[in-house]
Amino acid sequence: MAAAGPRSSLRGALCRQGLLSLLVFSFACEACKNVIFSVPSKLKADKIIGRVNLKECLQSADFILSSDPDFRVLDDGSVYATRTLERSDEKKSFTILLSDTKKQIQKDISVLLEHQKVLRKRHTKDKVLRRSKRRWAPIPCSMQENSLGPFPLHLQQVQSDAAQNYTVFYSISGRGVDQEPLNLFYIEKETGNLFCTQAVDREQYDVFDLIAYASTADGYSADLPLLLPITVEDENDNYPIFTEKIYYFEVPESSKMGTTVGVVCATDLDEPETMHTRLKYSILEQKPRSPGFFSVHPSTGVITTAAHSLNREAVDKYTLTMKVQDMDGQFFGLMTTAICEITVQDSNDNAPTFRQNAYKATVEENTFNVEILRVSVEDKDLINTANWRANYTILKGNENGHFKISTDKKTNEGVLYVVKPLNYEENQQVILEIGVCNEAPFTRDVATGLITMNRALVTVYVKDQDEGPDCSPSVQHMWIKENTLVGTKINNYNAYDPDTKSSSGLRYKKLHDPKGWITIDENSGSVKTSKILDREAAAPQSSSYNVTVLAIDQVGRSCTGTLAVSIEDVNDNAPKILQNDLIICTPKMASTEISAVDPDESMNGPPFHFSLANPSPEINRIWTVAKVNDTAARLSYRKNAEFKVYEVPITVKDRAGLSATKTLNVTLCDCAHPSKCMPASRTIGEIRLGKWAILAILLGTALLLCILLTLVCSVAGARKGKSFPEDLAQQNLIISNTEAPGDDRVCSANGCLTQTVNNSSSGFCGTIGSGVKNGGQETIEMVKGGHQTLESCQGAGHHHTLDSCRGGHVEMDNCRSTYSEWHNFTQSRLGEEPIRGHTG
């Protein structure tokens, strides 16, 4: 009880202070049990003092704490001194706190340390006790898997030499003791004998790492815990198992011996690297049974072909029963089986062959795009594959392209067609050689590079037909010179009867003659000209003139052909100079070029020869002609030539001597560019007027005379009426007694010019007329001012003239008035007589 009071107060203090501060939450502390350890007076640091069974108190503890910092407690309950301690007191106590923070449960264990009483040996003759080095005495320990007992089965005895000085008690922990599987092992406390309580499966637990403890009766342990592994020895109790129940593999039938087909694999749960897991593979059975085409590697499980004679056409699938056995295949080893299905893939090892060596077919002549024969082949390879599908070809006899052979995709037959009409009169029969092969190359051809092809002969008989006329060749050529006289015979157009090879009884008719140049005799086919043929009129000139001809036999059957008339050229066209008028700007241009064309063929065309044609002395002195190329020449002038228009005659001659002369109008002009040449820069005397220009001049002159006549009549009639008042006349009339107009610019009847009066700088514009007194003749000049009227001038209260109203120097352009306008103006505003002109 004396020891219980202090422990109780200490436990309460820890509950109130230490645990609250460490766990942040509070709950009731509950005492679990008391533990007493007998210890020496001196405790070394990190020396185990004893072991407390914590799980008996709180199995779910996740927080362990010592109330005394001089001691620490491990998770397995081992208690150690944190530093070296020398105790003077006889007893010392502390508390181990256990907590489950999730469930909020706490328990404590009171630990009491007492001085131990040393038990000496019975026979002690030494004056001084000599402590020997403490040691454990375990031996390697193992147990047989699936042991039959009897149980409990003794495994070994654990001993410690501490038992020589102390009364030692033994205990164990670890998997199989206080961990799953629980209670599999136990140890006798006093003797150290280790026992197993039941059989163990090595595949589940291959080793148990136990920890053995040796302690005195008072809980003191002078030795550290000892790791005690217990190995479970394997027993061959597991069968090897294939990874698949059924394996599926494929192999080409043309495979060489030793070709890999596939790999089978098995596993064994027994201990690796032992005879229990050393597996051996073999083939138990093959279906079909013989011959044996496959083998398996005993260690790797690789299946390979064992022969060269795989034939899919004989057997397309094999079933193997595979066996795997441990103990390296010894008779007492465990074994299992699996199925392996091997499909033989088709290879093109069977060439297609014709069912017959020779075939016959018939076809009527002149027919085409018709099927005449079907041929079939035998092929043992897999149907509807590239190894079975056939490709047909014509090897010989189709040089003219009359036939074609193709494959019917549905039946794999070869279909022979006539694609170009046959002629019985030319060939009564045709012999063809055809061949066949597969889409895929033949297996043996892959190595040799050759093509294996089966062959057969096809004889095609051509049936005769009662045919119409034959216009062969389809184009018949004829030649004739152009400009040939009408009615000239060119040649005969001939068609014939294919059966008789004769043209008798055939009639001919033109179907198309573009220009109607020829005629064809209906009975004989004689071709004659109906017009003069002009090669240059044919388009294109280089091609022949084509006429379509119809030939008809007596029963109305017909054929058509083409008559190609080639027109031979005659030199009937002289070269023609392209230019008419030329302008040469001097001195920038020293010459100009002229060119010519000739529609005749090249033999009657260039090179051309250019020359002056009977030139006048002036032309000959100024102009020269020099060759530039086959179709052009350079026309040059000499220095000091006069600016004017020259008529230069030029003669051009082709290579055959046919020539033509043309006069060119060549203008020498002082200009920078021919387009800038103005008429003013040419000589007026050299200007030639055309008939239309002359007519325009005459009409203009007549019109002008009519206008003058009208003016004269108007003036004459106006003299009989009123005249202007004298003052008004003085305001609007300017009287000049000078013999000449001087500096005055007088407005004409058609336009307005600027006028400057000698005694005034004012300007005015008018178109009424002019009055100039010269040598006893006086005319009156009237002025009409812009936008100002006479009333606006008089409204100022002064006596003004039109000139003074306008003021300043004024120039009016494009102000045009006629006498009738002035007459209307003065009649409406002055109410006086019209202006009267008189001679003085």
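Cut-offs and rules
- Residues numbered from 1 in each chain as written.
- Predicted model: local features only at pLDDT ≥ 70, side-chain atom pairs only at ≥ 80, totals over all residues.
- Heavy atoms only, no water.
- Helix = DSSP H or I, 4+ residues; strand = E, 2+ residues; numbered from the N terminus.
- Buried < 20%, exposed > 50% of the residue type's maximum accessible area, 1.4 Å probe, protein only.
- Contact = heavy atoms within 4.5 Å.
- Areas by Shrake-Rupley, 256 points an atom, 1.4 Å probe, with all protein chains shown as cover.
- Pairing = 2+ DSSP bridges.
- Axes fitted to C-alpha atoms, helices over the stretch in contact; angles between N-to-C directions.
- Polar contact = N/O pair within 3.5 Å; in protein donor to acceptor, adjacent residues only side chain to side chain.
- Salt bridge = Lys/Arg side-chain N within 4 Å of Asp/Glu carboxyl O.
- Disulfide = S-S within 2.5 Å.
- Phe/Tyr/Trp six-rings, centres within 6.5 Å; stacked < 30°, edge-to-face > 60°.
- pLDDT = per-residue confidence, 0-100.

Engineer: Before we go on, may I ask you to explain the overall build of the protein chain in this structure?
Structural biologist: When helices and strands are tallied, the protein chain shows nine helices and 53 strands. Every one of the 840 residues in the protein chain was classed for burial, and the buried ones make up 38%. A separation threshold of at least 6 residues defines the contact pool for the protein chain, and within that pool the share at least 24 residues apart is 66%. Surface accessibility of the protein chain: about 47,800 Å² in total, with carbon and sulfur atoms responsible for 51%.

Engineer: Would you mind going over the sheet that holds strand β49 (residues 659–670) with me for this structure?
Structural biologist: Strand order in the open sheet made by the four strands is β43-β49-β48-β45, with mixed pairing throughout. Each edge of the open sheet carries a strand with a single partner, namely β43 (581–586) and β45 (609–612). This sheet shows a mean twist of 35 degrees between the axes of neighbouring strands, independent of strand direction. Alignment of β45 against strand β48 (residues 645–653), held across four bridges, turns out to be antiparallel. Residue Ser611 lies in a different strand from β48, and its bridge partner there is Thr651.

Engineer: Explain the environment of Glu413 to me, please; I cannot follow it from the model alone.
Structural biologist: By secondary structure assignment, the location of Glu413 is in the loop between β31 (403–407) and β32 (414–418). Spatially, the C-alpha atoms of Glu413 and Leu373 are 10.0 Å apart, while their sequence positions differ by 40 residues. Excluding anything up to four places from it in sequence, Glu413 contacts Arg374, Val375, Ser376, Tyr392, Ser406, Thr407 and Asp408. A polar contact is formed between the side chain of Glu413 and the side chain of Thr411, at a distance of 3.1 Å.

Engineer: How should the environment of Ala537 be read in this particular structure?
Structural biologist: Along the chain, the position of Ala537 falls in the loop between β39 (526–529) and β40 (545–552). The exposure class assigned to Ala537 is partly exposed, which follows from its relative accessible area of 35%.

Engineer: Even after reading the chapter, I still don't get the pattern of salt bridges, so can you show me in this structure?
Structural biologist: Between side chains of opposite charge, pairing is possible as soon as their charged atoms come close. Tallying each qualifying case throughout the model produces 20 salt bridges. For Lys92, the salt bridge identified is with Asp68, shortest N-O distance 3.2 Å. One end of the pair, Lys92, is in strand β8 (residues 91–100); the other, Asp68, is in the loop between β4 (63–66) and β5 (71–73), and 24 residues separate them in sequence. By relative accessible area, Asp68 is classed as buried at 11%. Measuring nitrogen to oxygen at the nearest pair gives 3.0 Å for the salt bridge that ties Arg202 to Asp234. In this pair, Arg202 sits in the loop between β14 (193–196) and β15 (207–216) while Asp234 sits in the loop between β16 (226–233) and β17 (241–242), placing the two residues 32 residues apart along the sequence. With a relative accessible area of 10%, Asp234 lands in the buried category. Through salt bridges with shared partners, one network takes in Glu371, Arg374, Asp408 and Glu413.

Engineer: Looking at this model, I keep getting lost on the state of the cysteines. Mind explaining?
Structural biologist: Covalently bonding the sulfur atom of one cysteine to the sulfur atom of another cysteine gives a disulfide. What the rule picks out here adds up to three disulfides. Between the sulfur atoms of Cys471 and its disulfide mate Cys559 the distance is 2.0 Å. Because the torsion about its S-S bond is 75 degrees, the bridge between Cys471 and Cys559 counts as right-handed. Placement of the pair is Cys471 in the loop between β34 (454–463) and β35 (475–481) and Cys559 in strand β41 (residues 558–568), with a sequence separation of 88 residues. Its relative accessible area of 6% is what places Cys471 among the buried residues. Exposure remark for Cys559: the relative accessible area of 12% places this residue in the buried category. With a sulfur-sulfur separation of 2.1 Å, Cys669 is cross-linked through a disulfide to Cys677. When the S-S torsion is 105 degrees, as for the bridge of Cys669 with Cys677, the disulfide is right-handed. Judged by relative accessible area, Cys677 falls into the buried class, the value being 9%.

Engineer: Please clarify how the packing of aromatic side chains should be interpreted in this entry.
Structural biologist: Geometrically, a pair of aromatic rings is defined through the distance of the ring centres and the angle of the planes. Applying the stated criterion across every chain yields a total of 16 aromatic pairs. The interplanar angle of 35 degrees and the centroid separation of 5.5 Å between the aromatic rings of Tyr205 and Phe208 together place this pair among those described as tilted. Note on Tyr493 and Tyr508: the rings are 6.0 Å apart at their centroids and 85 degrees apart in plane angle, and the pair reads as edge-to-face. Pair noted here: Tyr493 is in the loop between β36 (489–492) and β37 (507–512) and Tyr508 is in strand β37, with a separation of 15 residues, a long-range link. Its relative accessible area of 0% is what places Tyr493 among the buried residues.

Engineer: Please clarify how the side chain of Asn350 should be interpreted in this entry.
Structural biologist: You can see Asn350 is positioned in the loop between β25 (335–345) and β26 (353–354). At 3.2 Å, the side chain of Asn350 and the side chain of Glu313 are in polar contact. Of note is the side chain of Asn350, whose polar atom sits 3.1 Å from the side chain of Asp381. Setting aside residues up to four positions removed in sequence, Asn350 forms contacts with Glu313, Asp379, Lys380, Asp381, Asn438 and Phe442.

Engineer: Please clarify how the confidence of the model for the protein chain should be interpreted in this entry.
Structural biologist: Detailed reading of the predicted coordinates is not advisable wherever pLDDT is low. In this model, the protein chain carries a mean pLDDT of 76, and residues with pLDDT of at least 70 account for 75%. Counting interchain partners and residues more than four positions distant, the pLDDT-below-50 stretch residues 721–819 has 185 contacts. Contacts for the low-pLDDT stretch residues 829–840, under 50 throughout, to residues beyond four places or in other chains number 46 contacts.

Engineer: Any chance you could explain the sheet that holds β15 here in plain terms?
Structural biologist: Sheet strands pair by backbone hydrogen bonding; their relative direction is either parallel or antiparallel. Pairing within the open sheet is mixed, and its four strands lie in the order β10-β16-β15-β12. Two strands bound the open sheet, and with one partner strand each, they are β10 (141–144) and β12 (168–174). Between one strand axis and the next, the sheet turns through 30 degrees on average, direction left out of account. Where β12 and β15 come together, seven bridges link them in antiparallel fashion. Across the sheet, Ser171 pairs through a bridge with Tyr213, a residue of β15.

Engineer: I'm lost on the environment of Pro599 in this one. Help?
Structural biologist: By the element assignment, Pro599 lies in the loop between β44 (591–597) and β45. Remark: the alpha-carbon pair of Pro599 and Ala537, spanning 62 residues in sequence, is separated by 9.8 Å.

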